[in-house]
Every structure is written in structure tokens, then in C-alpha cells.
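Secondary and tertiary structure notes
Residue strings, one per chain:
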Amino acid sequence: MSQIFDPKTTSTNGLVEFSPDKTAGKELVFYHADEGQPLATPWQVALARSKLLTELQLPEGYILDCACGSGIQLGAHIALLQRPGIGVELNPARAQASAVNIQSIANYRNESTADYFAQTRILSGDGRDGAVVCASIADHFQFQSMPSIAFLHLDPARPRNSRTHGLNEMAPRLDEVFQGWKKHLNHGPAGPSILLDLSPRLSHQQRLDVEAMVDQVWQGIARTWVWTSRGRGRIDRLALWLGGAASAQHARRFVRIPPTITEDAKVVSGGLPIKHGDGIPQQTQKTPQRGEYMTILDAALVESGLANDWISTVTKSDEITWNVVEGRRPQIHHQKPLRIDDENNRLMVQATGRIVALAHTKLMLETVDELVELCLENDISQLTVRAPLPPDIQPKIQGAFDRQLSRRHGRREAFLIQHSGSETLVICVVEEA
Ligand SMILES: C[S@@+](CC[C@H](N)C(=O)[O-])C[C@H]1O[C@@H](n2cnc3c(N)ncnc32)[C@H](O)[C@@H]1O
């Protein structure tokens, strides 16, 4: 190990890259080095994850992040768990930035005199080498024995512009970290506690390959896959929580980070282990009927394989027809409305409403008049087009609806979708919860 940084005394000397974290209301300014900012975990995402960690029973010891980058996730973990941390970072300037950021987090939380902060250290060196890291810490603090590690966090760097997101491209590699640390992790009743922060773009097969690598070292260890989304239907993070960090009853979790940092994340838990499949529902071609309900779900929720688990919490409809299962607008239709009166559940849908009209026509500028007539018959004052259209046509068609409806006297809000596999357009009225 070349250097050990004490966050209490590390200065910003030589560090030139810094920026306010946008998710922290710009109150936290983080330092980065060598273009480390795109690799860093946004503060709000880091916090949401650390909050989930506080619900677990971790064994005694340090929180370790063996590729800690700018130290943001490590800073959130140690602050919320109130436990000392060890960060390891190959790039010495980033290791220094980590120490500075951990100091900023402690100051921001008025915890600069806390024990956990005083005992935290950042090492610049190879995070794969558990023996050397533990020996360096023991030597630094003059411990009689090796430090005990309660929890391992690993967020490996991935090459930018990688097409394959291959497991061998991760730095450090998972298998090398497992080998280097397996003897040094403290075990609880469920084995060691580990969180692997992986690429959201890993294919189903690559996820299975990660599990196989884990099983080679900790055969049969409990596991929970966690998909995190900050909205717009995108998966921002995919993580595998293992052993003491896994939630024993749940194979999957979907964590929706809310729009503001003061709200708690919405968590959907359930699903089947990924060895049974990707959990994406079966598509059925069944034409929706007037009077039924149509819902466009959050695409990230569907991708996590937990959509049916969530749906079962908000409707008694046992018959859900999946019209579209992939892409930006996954769609279902169902007999009964969804009960989504709370804000968190509302984040799981893009739109939901009752079908009031079906039109067997193509959506074009030329057919807008005919569709506006249908809107007026149904007392609609505003209609959002949620059908796939070329980007240059979409605003023109939406504009045509907006202009024509604004001159009339409807009262209801609606949206329009294209039924997949046919030329049927479906108009749905949004009903107040
Ligand atoms: C994705 S970043 C981690 C970001 C971090 N979670 C944060 O919140 O800022 C991964 C880091 O691993 C570092 N790294 C790569 N190989 C390493 C190794 N063998 N040992 C320690 N760090 C390594 C890279 O320099 C990079 O900064």
C-alpha cells in the first residue's frame, strides 16, 4: 500500500476536479480525480442504498469499499450505519478525493467528531489484495490482529463505450476480489455480507454468470438482485446483494428513487430467482375493450421482473393482459382500476385510465380531426399522445390535438395509445384516484 489517508486531516491540495452533487440540492461539493466524476455514485442513490443496508443485521466490523472511487457510496454507508470504513482505490488522487469527500459528508451531517469518522481510512492501492489491505490497517492502527470486515461493497469501473459490458472488463474483476477477500470477511448466520454494484446493462446470461462466480466461492449463498431507477423508465443501477446483505425472502427488489431527496425510496420486493428466468411477463394479443382499464407501466419496473408483484398490491383484477412487455411503454389492460392513491405507487405508472373509445385507424395528421371528434364525444379537454411516432411527427400531432381541443369545452384528461400488433388506437380517460 503506498499511502493511507485519514479523512480528518486530508487536504484538497492538488485536487482540481470538483462539482456540487446535483441530487443533494448542491449543498455537497464532491472532489474527483482523473475524470472520476462519471464513475461516482450520485449522493441520493448512495443514500437510498445505505438506508436499505441499515435494515439488515450485519456482523461486527468495518465497512469496506475495495474500489471506492470518489468515496461517495462509502461515505453514505459509514454515515448511515455509524460504522468506520476502509476505502481502497488504485488511483492515488482519487483515494485522496475520497478522503476529502468523506470529510465533507461528515461535516455536512455535523458528525466530524463521531467515532466512525475518526476510525475511517482510505488506502491507495490494489483493492483485490485483502491480505495486504488488512495488514496495512492493522499496522497503521497498531492492532494486535487483523481488522474485522463486516461488509464488502464493490463497484468496479467499466470501460466507457463498452458494447459487451463483459464481466472480464470490470476493474477490479469480481472473481479476483472474491479470491482476495474470502478469508478476510466476517461471517454472520447467512455468511459474509456483500454488495456488488454492477452494470445495469448486464444481460440475463451475464447475471447468471455473476451468480456462477459467486457460487464458486460461496456455494448457495443467499442473493437478492436489486434494480434501481431514478425515473424515465431507465435502470440506473443493478446490484447483487449477497449473504447477510441479501433479503432472505426476496430474490429481487426494485428501488425507485423519488424526485426529491427528502422522500423515501419506493421498494417493490418479490419475484423469482433469476435462474428461473428474467421475469418479463408473457405477451398476449388480446384486443382491449371499452370500459376496461389500460395502464402504461414504468419500463424499469417491468425490466426488473417485479411488475406482476407490484400489480398484485394495487388491484384485485386477476386477469391482466400484457399487450406490450418491452421497450419504453410496457402496457397492460385489466378489468378493475389500479389503487394508486399514494405518490410512491404513482411513480410506477406512466399513465393509467379507463378505455372510452377505440378507433381502427392510423395515427397521422390527417386522422387527428376524426380522433378529436371522439374526444369531444367523451368530454375530453386534453389528450396526451403516448403512441410510438417518429420524433419529427410527434410534436406536430400532439400540437394538432392541443390546438383543436383547447377551443372546445371538454372537461376530462385523456391519453391515446397504439394497441400493439393492430392498427387500433385506444383513448383512455384518466380518472382521479
Ligand atoms: C466505479 S468507480 C467507484 C465509484 C464509487 N462507488 C463512488 O461512489 O465514487 C470504480 C473505481 O475502481 C478503481 N479501481 C480499479 N481497479 C482497482 C483495483 N484493483 N483496486 C482498487 N481500485 C480499483 C477505479 O480507479 C475506479 O475509481
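Within each chain, residues carry numbers counting from 1 in the order of the written sequence. Totals for whole chains, interfaces and linings use every residue, but because this is a predicted model, local features are given only for residues with pLDDT of at least 70 and side-chain atom pairs only at 80 or more, for both listing and counting.

Thoughts on the domain arrangement of the protein
Accessible area lost on assembly of the parts is the figure often given for the size of an interface. Operational definition: Segmentation of the chain into domains, including their bounds, is taken from an automatic or database domain assignment. By the convention adopted here, residues make contact when the C-beta atoms placed from their backbones lie within 7 Å. Each helix is a run of DSSP H or I of at least 4 residues and each strand a run of E of at least 2, with the numbering of both proceeding from the N terminus. Under the grouping applied here, Gly and all other residues not named as nonpolar or charged are polar, the nonpolar ones being Ala, Val, Leu, Ile, Met, Phe, Trp, Tyr, Cys and Pro and the charged ones Asp, Glu, Lys and Arg.
Considered domain by domain, the protein is made up of domain 1 (3-276) and domain 2 (293-429). Of note, the centres of domain 1 and domain 2, computed from C-alpha atoms alone, are 39 Å apart. Listed by partner, the interface residues are 13 residues for domain 1 and 14 residues for domain 2. Listing elements by their share of the side of domain 1 that touches domain 2, those giving two or more residues are strand 9 (223-229), strand 11 (252-256) and strand 12 (266-270). Its residues assigned to classes, the side of domain 1 that touches domain 2 comprises five nonpolar, four polar and four charged.

With respect to the sheet that holds strand 13 (residues 293-297)
Basically, it comes down to this: Between any two strands, pairing holds if DSSP finds at least two bridges. Note on method: axes are straight lines fitted to C-alpha atoms, helices fitted across the in-contact stretch only, with angles between N-to-C directions ranging 0 to 180 degrees.
Pairing in this open sheet of seven strands is mixed, and the strands run 14-15-13-16-19-18-17 from one edge to the other. Edge positions in the sheet fall to strand 14 (320-324) and strand 17 (380-385), since each of these pairs with one other strand and no more. Geometrically, the sheet is characterised by an average inter-axis angle of 35° between neighbouring strands, direction not taken into account. Note: strand 14 against strand 15 (residues 331-334), four bridges, orientation antiparallel. Bridged to Trp322 within strand 15 is Ile332.

A look at the site of the ligand
To be explicit about the condition: Think of it this way: take the backbone, place a C-beta atom on it, and check whether that atom is within 6 Å of the molecule or strand, in which case the residue is near it.
Near the ligand you find 24 residues, and of these Thr41, Ala67, Gly69, Ile72 and Gly127 are the closest. For the shell around the ligand, the secondary-structure elements that each account for two or more residues are helix 2 (72-81) and strand 5 (85-89).

Some points on the sheet that holds strand 12
Judged by pairing direction, the sheet is mixed, and its ten strands sit side by side in the order 1-6-5-4-7-8-10-9-11-12 without closing on themselves. This sheet does not close on itself; its edge strands, each paired only once, are strand 1 (3-5) and strand 12. Taken over all neighbouring pairs, the strand axes of this sheet differ in orientation by 20° on average, direction set aside. Direction of pairing for strand 5 relative to strand 6 (residues 121-124): parallel, over a ladder of four bridges. Across the sheet, residue Val88 finds its bridge partner in strand 6, namely Leu123. Contacting strand 1, strand 5 and strand 6, helix 3 (residues 92-108) crosses the sheet at an angle of about 175° to strand 6.

Overview of the pairing of strand 10 (residues 237-243)
Applicable threshold: Burial in this document is a count-based property: other C-beta atoms within 10 Å of a residue's C-beta are tallied, and the residue is buried at 20 or more, exposed at 12 or fewer, or partly exposed in between, with C-beta positions derived from the backbone.
Most of strand 10 is tucked away: seven of the seven residues are buried. Here strand 9 runs beside strand 10; their pairing, made up of six bridges, is antiparallel. Residue pairing for strand 10: Arg223 is matched across the bridge by Leu242.

A few points about helix 6 (residues 174-181)
A turn of α-helix holds 3.6 residues, and therefore any two residues three or four places apart point the same way. The test is simple: Note that the arc is computed from the directions linking the helix axis to the C-beta atoms.
Burial in helix 6 covers these residues: Leu174, Val177, Phe178 and Trp181. Down the axis of helix 6, the buried set is contained in an arc of 100°. They therefore lie on one face. In this structure, the buried side of helix 6 is in contact with helix 5 (130-141), strand 7 (149-154), strand 8 (193-198) and helix 7 (204-217).

Some words on the packing of helix 11 (residues 368-377) against helix 12 (residues 394-406)
Each pair of packed helices can be summarised by the angle the axes make with each other and by the distance between the axes. We count it as follows: The labels follow the angle: roughly parallel below 35 degrees, roughly antiparallel above 145, roughly perpendicular from 65 to 115, and oblique for the rest. Here is the rule for handedness: rotate from the far helix to the near one, and if that takes an anticlockwise turn smaller than a right angle the crossing is left-handed, while a clockwise turn gives right-handed.
Closest axis-to-axis distance for the helix 11/helix 12 pair is 10 Å, and the angle between their directions is 45°. Put simply, helix 11 runs oblique to helix 12. Classified by chirality, the crossing of helix 12 by helix 11 is right-handed. From helix 11, Val368, Val372 and Cys375 reach across to helix 12, where they touch Ile397, Ala400, Phe401, Gln404 and Leu405. Within the contact of helix 11 with helix 12, the residues separate by chemical class into seven nonpolar, one polar and no charged.

Comments concerning the packing of helix 2 against helix 3
It is the contact of helix 2 with helix 3, at a shortest axis distance of 9 Å, that shows an interaxial angle of 40°. Taken together, the axes of helix 2 and helix 3 are oblique relative to one another. Handedness of the crossing formed by helix 2 with helix 3: right-handed. For the pair formed by helix 2 and helix 3, the contact residues are Ile72, Leu74, Gly75 and Ala79 on the first element and Ser98, Asn101, Ile102 and Ile105 on the second. The residue inventory of the contact of helix 2 with helix 3, partitioned by class, reads five nonpolar, three polar and no charged.

What to know about the environment of Leu358
Within the secondary structure, Leu358 sits in strand 16 (residues 349-360). Classification of Leu358 as partly exposed rests on a count of 17 C-beta atoms within 10 Å. Aside from chain neighbours lying at most four places away, what touches Leu358 is Arg290, Thr424 and Val426.

Thoughts on unusual backbone geometry
Going from Ala171 to Pro172, the amide bond is cis rather than trans, its omega being 0°. Position of Pro172 relative to the elements: it lies in the loop between strand 7 and helix 6. Non-glycine residue Gln82 carries a positive phi angle of around 55°. Position of Gln82 relative to the elements: it lies in the loop between helix 2 and strand 5. Exposure remark for Gln82: the 12 C-beta atoms within 10 Å place this residue in the exposed category. A positive phi angle, close to 55°, is found at Arg232, a residue other than glycine. Of note, Arg232 is situated in the loop between strand 9 and strand 10. For Arg232, a count of 11 C-beta atoms within 10 Å corresponds to the exposed category.

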